[in-house]
Amino acid sequence: MKIEVDRELCIGCGTCVSIAPETFELDSEGKSVVKIPQGNDEETIMDAAKSCPTGAIIIKDDNGNQIWPEKQ
Ligand code: SF4
């Protein structure tokens with residue numbers, strides 16, 4: 001699983017850090033960054049991604065296929 005944060009979309013609300021604090025942290029600009037990709041389990045990371053109000057967290061599987069946000 002690959003985790004990316006779109007810095008343009010991140011508003012620094014901190015929700016992902018609250019849900020998955022071992023995986024995400026806010027950097028000096030107040031934007032979320034991936035601290036330790038395997039810091040939390042995958043279910044928790046997915047919960048964090050789904051809770052992001054701007055859809056800034058992008059999850060891909062090991063083959064590079066996007067899992068979240070779901071494509072229409
Ligand atoms: Fe940024 Fe989304 Fe995390 Fe909020 S939940 S800090 S908008 S990535």
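To start, this report covers the structure provided alongside it. Everything quoted here is computed from the prediction, not taken from an experiment. (Residues numbered from 1 in each chain as written. Predicted model: local features only at pLDDT ≥ 70, side-chain atom pairs only at ≥ 80, totals over all residues. Heavy atoms only, no water.)

**Concerning the site of the ligand**
If you check the shell around the ligand, you find 13 residues, and the closest are C10, C13, G14, C16 and C52. Here the shell around the ligand is built from residues that sort into 8 nonpolar, 5 polar and no charged. (Near = heavy atom within 4 Å. Nonpolar A, V, L, I, M, F, W, Y, C, P; charged D, E, K, R; others polar.)

**Re the sheet that holds strand β5 (residues 66-68)**
The strand order β1-β4-β5 describes an open sheet built from 3 strands, whose pairing is antiparallel. Two strands in the sheet have a free side with no partner beyond their single neighbour: β1 (2-5) and β5. Taking each pair of neighbouring strands and ignoring which way they run, the sheet shows an average axis angle of 35°. (Pairing = 2+ DSSP bridges. Helix = DSSP H or I, 4+ residues; strand = E, 2+ residues; numbered from the N terminus. Axes fitted to C-alpha atoms, helices over the stretch in contact; angles between N-to-C directions.)

**Remarks on the environment of I58**
Looking at the secondary structure, you find I58 in strand β4 (residues 57-60). Relative accessible area serves as the criterion here: at 18%, I58 is assigned to the buried category. Each residue touching I58, except ones within four places of it in the same chain, is listed here: K2, I3, E4, D6, Q66, W68 and P69. (Buried < 20%, exposed > 50% of the residue type's maximum accessible area, 1.4 Å probe, protein only. Contact = heavy atoms within 4.5 Å.)

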